[in-house]
Amino acid sequence: MSNTTLNSNYYNILKIIHKNGPILVSKLVTAMEIDRGTLEAGIGVLEEMQLLQKDIELVISYELTDRGFNALDGLVERKILDVLIKNSVPFKDLAELTHLTKSDLTVGIGILKKANLIQIDKGNVNIRDEESAKSFSIDLTNALAELHKKSGLIIENNLIEQLLERNLIIRQERSNVTVSSNLSDSELKKIIVKDTITTLTSKMLSDGSWKNSDFKPYSLKTKPRKIYSGKLHPYRQFLEHLKTKLIGIGFQEMKGPLVELEFWNFDVLYAPQDHPAREDSDILLIKNPTHGKLQKEEYISNVAQTHENGWTTGSRGHGYRWDPKKAARLLVRPQGTAISARTLSHAKPPFKYFANAKVFRPDQVDATHQIEFSQTEGIICGPDITFKDLLGVLKSFAVEVAGAKEVRFRPDYFPFTSPSVELSAKHPVLGYIEFGGAGIFRPEVVEPFGIEHPVLAWGIGVDRLFMTKYGINDIRELYSQNLDWLREGRVYSNINLE
Amino acid sequence: MVTIDVSIEDISKLIGLDKTLSVDDLNDLLTLAIAEVDSDPVGPDENGHTKIAIEIKTSNRPDFWSAEGIARVIKGKFGEEGLPDLSVIESKYEINVNPELLTIRPYVAAAVVRGLTFDDFLIKQMIQVQDKLDFSFGRKRKRTSIGIYNINMLESPIEYTVVDRKFKFQPLTFDHDLTVDEIFEKHPKGIEYRHILDDFKKVPMLIDKNGLVLSMPPIINSNDVGRVTTQTTDVLVETTGYSHQATSQALSVIVQTLRDRGGIIESVKINYPDNYDISIDITPETDPIRFDVNIKDINKYLGVNFPGKEMVKLLRMRRIEAKVIKDKLTVLLPPWRKDIIHWVDISEEVAIAADYNSFEPTPVQVITAGKLDKSSDDENLMRQILIGMGLTEVFNYTLTSKEVIGELMNREEKWIDSNCIEISNPVNASYAILRPDLLPLLMKFLSVNTHNEYPQKIFETGECVVKDKKKIGTRLMMSTVLAGSNETFETILRILDRVCVLLGVTYELKNTELNCYIPGRRAIVIIDGIEAGHIGEIHPELIVKNGIEVPISALELDLSQISTLNCPVKYTNDI
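If you're wondering where the values come from, they're calculated on a predicted model, not measured in any experiment.

Engineer: Kindly report on the overall build of chain B, identifying the contributing residues and their values.
Structural biologist: The helix and strand inventory of chain B stands at 16 helices and 28 strands. The C-alpha radius of gyration computed for chain B amounts to 33 Å, which surpasses the reference 25 Å derived for 575 residues by more than 25%, pointing to a less compact arrangement than a globule. On the principal axes, the C-alpha backbone points of chain B span a range of 90 × 65 × 55 Å. Long-range contacts, defined here as pairs at least 24 residues apart, represent 70% of the contacts in chain B between residues at least 6 apart.

Engineer: Tell me about the packing of helix H5 (residues 76–86) of chain A against helix H6 (residues 91–98) of chain A, residues and numbers included.
Structural biologist: All names here are of chain A. Two numbers describe how H5 lies on H6: the axes approach to 10 Å, and their chain directions differ by 110 degrees. On the basis of their axis angle, the class for H5 and H6 is roughly perpendicular. Crossing handedness for the pair H5 and H6: right-handed. For the pair H5 and H6, contact is made by Lys79, Ile80 and Val83 and by Leu94, Leu97 and Thr98, respectively. For the contact of H5 with H6, the class distribution of residues is four nonpolar, one polar and one charged.

Engineer: So what's going on with the domain arrangement of chain A? Residues and values would help.
Structural biologist: We note that the domain assignment places domain 1 (5–24 + 32–54 + 179–215), domain 2 (66–171) and domain 3 (236–488) within chain A. A straight line from the C-alpha centre of domain 2 of chain A to that of domain 3 of chain A covers 66 Å.

Engineer: Run through the domain arrangement of chain B, naming residues and quoting values.
Structural biologist: All names here are of chain B. On domain assignment, one finds that chain B holds domain 1 (2–78), domain 2 (89–283), domain 3 (289–355) and domain 4 (374–571). For domain 1 and domain 3, the distance between their C-alpha centroids amounts to 25 Å. Taken together, the eight residues of domain 1 in the interface contact six residues of domain 3.

Engineer: Can you lay out the sheet that holds strand E17 (residues 417–427) of chain A for me, pointing to particular residues and giving the numbers?
Structural biologist: Residue and element names in this part refer to chain A. If you walk across this open sheet you meet the seven strands as E11-E14-E15-E19-E18-E17-E16, and the pairing is mixed. Only two strands of the sheet have a single neighbouring strand rather than two, namely strand E11 (252–253) and strand E16 (407–411). Alignment of strand E15 (residues 372–381) against strand E19 (residues 455–460), held across six bridges, turns out to be antiparallel. Its bridge partner being in E19, Ile380 is matched across the sheet by Leu456. Of the strands in this sheet, strand E14 (351–360), E15 and E19 touch helix H17 (residues 337–344), which is tilted by about 35 degrees from E15. Contacts between helix H18 (residues 387–401) and the sheet are confined to E15, E16, E17, strand E18 (431–441) and E19, with E18 contributing the most and set at about 145 degrees to the helix.

Engineer: So, the interface of chain A and chain B: which residues are in play, and what are the values?
Structural biologist: Contacts between chain A and chain B engage 85 residues on the former and 77 residues on the latter. Looking at the side of chain A that touches chain B residue by residue, the class counts come to 38 nonpolar, 22 polar and 25 charged.

Engineer: Run through the nonpolar core, naming residues and quoting values.
Structural biologist: Core analysis: the biggest nonpolar cluster contains 244 residues, and Leu394(A), Ala398(A), Leu456(A), Ala33(B), Val237(B), Ile254(B) and Leu442(B) have the highest contact counts within it. If one sorts the elements of this core by residue count, H18(A) sits on top with eight residues. In this structure, Ala71(A), Ile80(A), Ile118(A) and Leu163(A) belong to the second largest nonpolar core, which totals 20 residues.

Engineer: Just give me the short version of unusual backbone geometry, but keep the residues and values in it.
Structural biologist: Following Ser418(A), the chain continues to Pro419(A) via a peptide bond in cis, the omega torsion being -5 degrees. Inspection of the secondary structure assignment puts Pro419(A) in strand E17. Between Gly43(B) and the following residue, Pro44(B), the backbone shows a cis peptide bond with an omega angle of 5 degrees. Position of Pro44(B) among the secondary structure elements: in the loop between strand E2 (35–37) and strand E3 (51–56). Within the chain, Arg139(B) stands out as a residue other than glycine whose phi angle is a positive 50 degrees. Classification of Arg139(B) as partly exposed rests on a count of 19 C-beta atoms within 10 Å. Phi is positive for Lys326(B), close to 55 degrees, though the residue is something other than glycine. Mapped onto the fold, Lys326(B) is located in the loop between strand E17 (321–325) and strand E18 (328–333). Since 7 C-beta atoms lie within 10 Å of it, Lys326(B) is described here as exposed.

Engineer: Lay out the sheet that holds E2(B) with the relevant residues and their values.
Structural biologist: Residues and elements named next belong to chain B. The sheet built from three strands is open, its strands ordered E1-E3-E2 with antiparallel pairing. Every other strand in the sheet has two partners, leaving strand E1 (2–7) and E2 as the edge strands with one partner each. Ignoring strand direction, the axes of neighbouring strands in this sheet form an average angle of 30 degrees. Where E2 meets E3, three bridges bridge the pair, whose relative direction is antiparallel. In the sheet register, Glu36 faces E3, and the bridge partner there is Glu55. Across the sheet, helix H1 (residues 8–15) touches E1 and E3, and the angle it forms with E1 is around 85 degrees.

Engineer: Please set out helix H10 (residues 343–354) of chain B residue by residue, giving values where relevant.
Structural biologist: Every α-helix carries 3.6 residues per turn, so stepping three or four residues along brings you back to the same face. All names here are of chain B. Compared with an ideal rise of 1.5 Å per residue, which puts 12 residues at 16 Å, H10 spans 17 Å between its outermost C-alpha atoms and is within 8% of the ideal. The element H10 is extensively covered by neighbouring structure, given that 11 of its 12 residues are classed as buried. Restricting attention to buried positions, one finds in H10 the residues Trp343, Val344, Asp345, Ile346, Ser347, Glu348, Glu349, Val350, Ala351, Ile352 and Ala353. Asp355 sits one or two positions beyond H10 and adopts a positive phi of about 80 degrees.

Calculation notes
- Residues numbered from 1 in each chain as written.
- Chains lettered and ligands numbered in written order.
- Predicted model: local features only at pLDDT ≥ 70, side-chain atom pairs only at ≥ 80, totals over all residues.
- Helix = DSSP H or I, 4+ residues; strand = E, 2+ residues; numbered from the N terminus.
- Rg over C-alpha atoms; globule rule 2.2 N^0.38 Å.
- Contact = placed C-beta atoms within 7 Å.
- Axes fitted to C-alpha atoms, helices over the stretch in contact; angles between N-to-C directions.
- Parallel < 35°, antiparallel > 145°, perpendicular 65-115°, else oblique.
- Left-handed = near helix turned anticlockwise from the far one by under 90°.
- Nonpolar A, V, L, I, M, F, W, Y, C, P; charged D, E, K, R; others polar.
- Domains from an automatic or database assignment.
- Pairing = 2+ DSSP bridges.
- Core = buried A, V, L, I, M, F, W, Y, C linked by C-beta atoms within 7 Å.
- Buried ≥ 20, exposed ≤ 12 C-beta atoms within 10 Å, placed from the backbone.
- Expected span 1.5 Å × (residues − 1).

As structure tokens, then:
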């Protein structure tokens, strides 16, 4: 104790507390004409130095709500009873006679029926028990009035509960903080008062005056005010991390338009023109214009012949007459593979491409379905690439991208690949989760563009990965409009699941 | 994708197992049918059936859309290999086709199946196969549809003919005769499927020698011969459609499921008239489809080195017959395997039989340099600049409502018509238009966050779609809004000014009439001489309309118009 040093502000606070004995902080604010923030910071420091003691008492009070104020001249059931006590009244006239709104009237009638005080007979409302009716709810009305006056009268618990339940009052909690000195008079006298530096200034630095002062200590327990830093959206950040991983293993990004021709989305990908996925109910179509233009390129006729008879691809074809008008129809891109299809028309092997694409499907929106979601997918082409390479690519995605150690493959189906694979990766907690799909583009897809090597095509369910990492169960939260979540959520440096 | 309901006990029995499969074991075996378990099991019920849903992922393997078909391929793993039984006995039944059908619903295929013993469960399974084939394979009955009749009531020849719309018969579930027109008006199936026949004055009808009506394909069966019950043992199965191949494929798929239930199959002779390019057709098809493939091609494609004999063994497990002839395989497929159109499809069968998990994955050997698209680099640059100024990034849907784009931004219908891409078949009004810019979405964002602490400083960069000069372009845009009691034209201009300094461009502001902003506090942004966006203080009327109670200043830039960025418009018609 003997060496305790305080600056004059803190010392003054301590002195007043010491002099006045236990005192409420709120009274201290008035007494010292000091702002509450400074006072509380001082008390915090003094408490930490064990120079004073802080006692907190919880005070509960009840305040009237707007409804409560309106009920001061009588609760709804009282107003109804006061009318009915004179004589029975047709139900339809009751609103006018009581000056109550329809909803208040319904509430009041409900209360009275429950209490068995009234009956409705042939459209007339009667009192059943006049004696009880006279006194009904009076205690509640009185209790409300007492609370309004803040008379301090003790009110029965069950009345408080009823008032709370009927939203006439709200409960408020307040803490009364009392502080008292821990020191004897002599101990107080021994404290050395020395002014300290609050803010270091340029002047102190240049004239060296800082050398003769102490720095005012900050309480290590006080939380600072919040700053909202600039912050990237967590899902977009996640996608950037994913892109970084893909670039790391040699993929180049591709992009494409959101409004797409059926040609790139379906015909190039060898979906026959009467394929169910091409029906109006499975895609989102454009109002105006409904159709785009097909370029006059050689590959258009190659694609057409491949559909009709297999062209020179070694395929037997779909065996129908291909309609260029259908291929020119516009739609909002339902799959990212449309971008791969466009890339095939100009890419020179060997190549590795990826795209992160927003795609659109006419689904009913719920926790697992969205009209709009993201797909990350890509293509790989090289001279001697094989099905085993495809499995290798998928495995490396699971390991590199998601940090999974074990993978599992199942046969899958896409109209544009053969063979087709589904990839599951083992999550340390959740077990195997479906991670993506892939396959080797059919020769009918790539050969119309003069590509003679196999092209591997793959896709990763990025939305699902993100939800797994962030513990999100509802896919709609990817597009969360909750600013608080965007500001407060933690950030990650990678996308690994572990 | 097709989902069917099966009984685990029934499918185990069809596979020929002594005991009932566990759900996990069933799911493992379903890889052979490119399918998986899609529900929790329910049961067993009083008939000993534990029901479970199975999702089949292939849209081109209708033979997998039944318990029988799935069991058929799984059996290949348990020793029943090679082609399934395709044998057919000749029946005395014939169908004569009317020449007028060529332009209406030209093709018919049929078979007689005898010796069936159906309980309610099996009738439901049969109806399920029929429904899935009609709906998915048959494109909601337009391409093909199936009819099944009690053959003991019928006499050959059966006429596949046309009648006018006054023709009357008693359709299924009705107790009196209706004309064709009445069926189109009143019968639920008539209402559902009439569009397939609406264009024709005459409609197809199947009528037996004695004038008994079988059905009006593809709409509705008659109420007597067209009703199959647990008493029925012998049936006529027919399919009609506009494609000869699809019609006979649908028939062979359903006939094979009935064979798997113990049915004996008999053929039916179809007599086509002179105006057709076929004259006589014996159905169902019994000849396997032949395919010749190079063993070397398959090995190279899969990255393996299977000897021919090994491939034969694997293909036989897939219920395919194969023979090695020198360096080639001659492959014989069941007649319904129209999905196999290229030798790569044979290689897929080999791979599935060998089990994907038995292949050693090889590391990627294609060496290439990875990089982002330039527009992504530049978009990220913009995001970094804005983050550096303390803004929070938000991420909105690209599809939104006309109200958000139009009314809540004081934009007229005419402006929307000439600039925006609307969806002609939206699922609901909240997702009915592609956003032409980002500011409306940010306003919407502010409107649902009025309870959060101000100031709210947010931005978004992202793709928008704009119609211009009859071209549809996907453009990368950036918008920033500042909402709070101290936000003004000046505070947002500071952001534009900073962005331009960091991007090395110069900007000037030009007066504008844009009515989302307060007059005198609004401008078009010209960057290096090119109009690139707008800036201003949001009009109080709009702030109130959006349910917000603080001043808002806003900026929107089209990144494709900034010369030092490389974010070109992606046109739908460009390559």
